[in-house]
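Overview (structure and organization)
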Amino acid sequence: NIKNFHRGFDLCDIGPVEPIRFFSQGLKRLSFDRYNPTGAEAITTKAIRWLNIFKKEPFFLWIHYFDAHPPYRVRAPFDRMFVEDSFQKKEGQKSFVSTRLIGMGGIPKFMADHNESDVGYYICKYDGAIRFIDTQIGRLCEFMKKNGIYEETLFVITSDHGEFLGENDLYF
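These lines cover the structure that appears in this document, whether it is placed above or below.

Helices and strands together make up the secondary structure of the protein chain, namely three helices and four strands. Reading the secondary structure of the protein chain in the N-to-C direction produces β-β-α-α-β-β-α. A burial count over the protein chain gives 31% of its 172 residues as buried. Here the analysis covers contacts within the protein chain between residues at least 6 apart in sequence; of these, 54% occur between residues at least 24 apart.

With 21 residues, the main nonpolar core has Tyr72, Ile107, Met111, Tyr122, Leu165 and Phe172 as its most contacted residues. Ranked by residues supplied to this core, first place goes to helix 3 (residues 119-146) with nine residues. Those residues in contact with methionine 111, other than ones at most four positions away along the chain, are Pro70, Pro71, Tyr72, Tyr122 and Phe172. Counting eight residues, the second-largest nonpolar core is a separate cluster that includes Ala47, Leu51, Leu140 and Phe143.

This brings us to the packing of helix 1 (residues 39-54) against helix 3. Axis separation between helix 1 and helix 3 bottoms out at 9 Å; the angle between their running directions is 15°. Between helix 1 and helix 3, the angle is such that the two are roughly parallel. As helix 1 runs across helix 3, the sense of the crossing is right-handed. Facing helix 1, whose interface residues are Ala40, Glu41, Thr44, Thr45, Ala47, Ile48, Leu51 and Asn52, helix 3 presents Phe132, Ile133, Gln136, Arg139, Leu140, Phe143 and Met144. Broken down by class, the residue content of the contact of helix 1 with helix 3 amounts to nine nonpolar, four polar and two charged.

Here is what the cut-offs are and how they apply
Residues numbered from 1 in each chain as written. Predicted model: local features only at pLDDT ≥ 70, side-chain atom pairs only at ≥ 80, totals over all residues. Heavy atoms only, no water. Helix = DSSP H or I, 4+ residues; strand = E, 2+ residues; numbered from the N terminus. Buried < 20%, exposed > 50% of the residue type's maximum accessible area, 1.4 Å probe, protein only. Contact = heavy atoms within 4.5 Å. Core = buried A, V, L, I, M, F, W, Y, C linked by side-chain atoms within 4.5 Å. Axes fitted to C-alpha atoms, helices over the stretch in contact; angles between N-to-C directions. Parallel < 35°, antiparallel > 145°, perpendicular 65-115°, else oblique. Left-handed = near helix turned anticlockwise from the far one by under 90°. Nonpolar A, V, L, I, M, F, W, Y, C, P; charged D, E, K, R; others polar.

This is the structure:
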């Protein structure tokens, strides 16, 4: 249940979430897209376009990148950047692809990449997704530096949750 966006927000871009049971009074615009395989790149491009318009005004911009959420749909070269690296080889933990939707006791079916059962493989995909997001945050920072707003901007980077990645027999 999403509500209270009228409290100081002029625009809410929901990204890949479909706007079901929405709208509070006062919100001037709502924008949304379904899952976009370019993910962080598209979100960063939207943020840069927005900043280009409002960079001379005080602003609050909240960006939520979805790329580090399963299933990891990571674009090249980030999709293979960490696959078969020393961490994956060290990990070598095999599991099974579960028929469950949640990751208790096995890799959830919706996550399975061609029935791959090496947990390290998925950790490497997750790491690639994080690296991709990092490059997009760098892109945003570069834009802000070039436009003279970086030094006056406070960045708060946080996470909405973590991943078990096989710890305690829990996956994603």
